[in-house]
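Analysis of the macromolecular model
Read off the chains here:
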Amino acid sequence: MLVDVHQHLWPPAFTELLRARTAAPHLDGWTLHLQGEPPYAVDPADHDIAARTALAHSDGLGLALVSLSSPLGIEYLPPAEADPLLAAFHDGALALPAPFGAWASAGLVAPDPEALARTLGQGCAGLQLPATALLDEAGWAHCAPLLDTLTRIGKPLFVHPGAAPPSGPGAPPWWPALVPYVQQLHASWFAFRAFGRPRHPGLRVCFAALAGLAPLHGERLAARGGGRSQVDSDVFYETSSYGTRAVDALVRAAGIDVIVSGSDRPYARPVIPDLGAEAAVHALRAANPARLLRIR
C-alpha cells in the first residue's frame with residue numbers, strides 16, 4: 001500500500017469556524033489571515049473533498065494522512081477557542097472517504113492527555129505537534145503528558161512546522177517556509193536528541209520536511225562535542241518539498257529505512273526521488289510508512 005503521511009484538507013465545518021473568527025487565524029471568504037504571514041489566497045479546489053479524493057486515487061495512494069496545519073496556530077489558542085476548532089477538524093477528517101486518514105492535534109495551553117487518548121481511540125494515526133512546542137527542554141517537558149499517552153497507546157508523533165513570526169518588511173512570500181519553518185524543525189530535532197529521546201525511549205517520531213536537514217550536521221555535532229550521530233531506527237523523516245539531492249543526502253546520513261514519503265498537498269506537489277532503485281522508492285512510499293504507523 002502506497003502512503004502519503006503528510007497532507008492537509010479542511011473539512012467544511014472547520015472551514016466555517018475559521019470564517020466565523022475575527023482574529024487570526026481566520027478566513028475572509030477564501031483569504032487566510034495568519035499572524036506571521038501575508039494574507040494567503042486559498043484555492044477552494046484544494047479543500048474540495050471529492051476532487052481531493054479523486055486526486056489521491058490518481059496518485060495510487062492506499063492511505064493519505066491529513067493533519068491540522070500547525071502554522072494556523074490553533075494549538076496555542078485559549079481552550080475555549082481551540083477546542084471547537086480541534087473537534088471540528090477531528091470529526092471532519094475522520095469522516096473523510098478512503099484513502100484518507102488523520103493525525104490528531106492537541107491544545108497546548110493546558111495539555112489534556114485524556115482528551116488525546118479519546119481522539120486517538122476514534123482512529124487517528126498519531127499526534128501532530130508544532131515544532132515550536134518542542135524547541136528546548138522546557139517544551140519537551142510541557143508536552144510530556146501527551147507523549148506519554150502516545151507511547152502507552154503505541155502511536156507516533158509527527159513534528160510539523162508551527163506558526164512563523166512576523167516577517168520583516170519586503171520579505172518574499174516564500175520566506176516563512178524557507179527560514180522559520182526550517183529553523184523550527186532543525187531546533188526541534190536537536191532538542192529531541194538532547195531531551196526528548198532520553199525522556200521517551202519508546203516513542204516513534206516523524207519529522208516533516210526532512211527535519212530541516214538537521215541530521216546532515218552529524219559531523220559538526222561530533223566536532224563540537226555532541227558525540228557521533230547514531231541512527232535512531234524509530235525516528236523518521238518525511239520528504240515534502242524536497243527532491244532527489246536532499247533525500248539522497250538524508251539516506252546517506254540516516255539510512256533508507258527511516259525516510260517516508262509525504263507531499264504536503266495542497267501546498268506542494270508529490271516528488272518521487274530518483275534513488276536509482278525501485279526497491280528504494282518502494283521503501284519510502286510503502287515499507288517505511290508501514291513501520292512508522294505499524295500497518296500490518
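The structure under discussion appears in the preceding block.
Residues numbered from 1 in each chain as written. Predicted model: local features only at pLDDT ≥ 70, side-chain atom pairs only at ≥ 80, totals over all residues. Heavy atoms only, no water.

1. Section: the environment of Thr244
In plain terms, the rule: A run of DSSP states H or I qualifies as a helix once it reaches four residues; a run of E qualifies as a strand once it reaches two. Both are numbered from the N-terminal end. Each residue is placed in one exposure class: buried if its accessible area under a 1.4 Å probe, protein chains only, is under 20% of its type's maximum, exposed if it is over 50%, and partly exposed if it falls in between. Only heavy atoms matter for contacts: two residues are in contact if any of them lie within 4.5 Å across the pair.
Along the chain, Thr244 falls in helix H10 (residues 244-254). Residue Thr244 is classed as partly exposed on the basis of its relative accessible area of 33%. Separated by 43 residues in the primary sequence, Thr244 and Ala287 place their C-alpha atoms 19 Å from one another. When residues no more than four places from it in sequence are discounted, the contact partners of Thr244 are Pro273 and Asp274.

2. Overview of the sheet that holds strand S5 (residues 63-66)
Here is the rule: Here, any two strands with at least 2 DSSP bridges between them count as paired. Inter-axis angles, ranging from 0 to 180 degrees, are taken between N-to-C directions of lines fitted to C-alpha atoms, where helices are fitted over the stretch in contact.
Spatially, S1-S5-S6 is the arrangement adopted by the three strands of the open sheet, whose pairing is parallel. Each edge of the open sheet carries a strand with a single partner, namely strand S1 (3-7) and strand S6 (100-102). Pairwise comparison of adjacent strand axes, ignoring direction, gives a mean angle of 25° for this sheet.

3. Remarks on the pattern of salt bridges
Our working rule: Any carboxyl oxygen of Asp or Glu that lies within 4 Å of a side-chain nitrogen of Lys or Arg is treated as forming a salt bridge with it.
Enumeration according to the criterion identifies six salt bridges in this entry. Between Glu81 and Arg21 there is a salt bridge, with its nearest N and O atoms 2.9 Å apart. One end of the pair, Glu81, is in helix H3 (residues 79-94); the other, Arg21, is in the loop between helix H1 (12-20) and strand S2 (26-28), with 60 residues separating them in the sequence.

4. Let's talk about the packing of H1 against H3
Relative placement of two packed helices is described by the angle separating their axes and the distance separating the axes. The cut-off we apply is this: Our angle categories are set so that under 35 degrees counts as roughly parallel, over 145 as roughly antiparallel, 65 to 115 as roughly perpendicular, and the remainder as oblique. Crossings are classed by handedness, with left-handed meaning an anticlockwise turn of the near helix from the far one by less than a right angle and right-handed meaning a clockwise turn. Note on residue classes: Ala, Val, Leu, Ile, Met, Phe, Trp, Tyr, Cys and Pro are nonpolar, Asp, Glu, Lys and Arg are charged, and everything else, Gly too, is polar.
Closest axis-to-axis distance for the H1/H3 pair is 7 Å, and the angle between their directions is 155°. When the axes of H1 and H3 are compared, the pair comes out roughly antiparallel. Helix-helix and strand crossings are classified by hand; for H1 and H3 the assignment is left-handed. Where H1 abuts H3, its residues Ala13, Phe14, Leu17 and Leu18 lie against Pro84, Leu85, Ala88 and Phe89. Tallied by class, the residues present in the contact of H1 with H3 amount to eight nonpolar, no polar and no charged.

5. Overview of the packing of aromatic side chains
The following threshold applies: Within 6.5 Å between ring centres, the rings of Phe, Tyr and Trp (the latter by its six-membered ring) count as paired, and their orientation is classed by plane angle as stacked under 30 degrees, edge-to-face over 60, tilted in between.
As enumerated under the stated definition, the model contains eight aromatic pairs in all. Note on Trp103 and Phe158: the rings are 5.1 Å apart at their centroids and 20° apart in plane angle, and the pair reads as stacked. Of this pair, Trp103 sits in the loop between S6 and helix H4 (113-121) while Phe158 sits in strand S8 (residues 157-160), and the two are 55 residues apart along the sequence. For the pair Trp103 and Phe158, a shared accessibility class is recorded, and that class is buried. Ring centres 6.2 Å apart and planes at 65° place the aromatic pair Phe192 and Phe207 in the edge-to-face group. Pair noted here: Phe192 is in helix H8 (residues 180-199) and Phe207 is in strand S9 (residues 205-207), with a separation of 15 residues, a long-range link.

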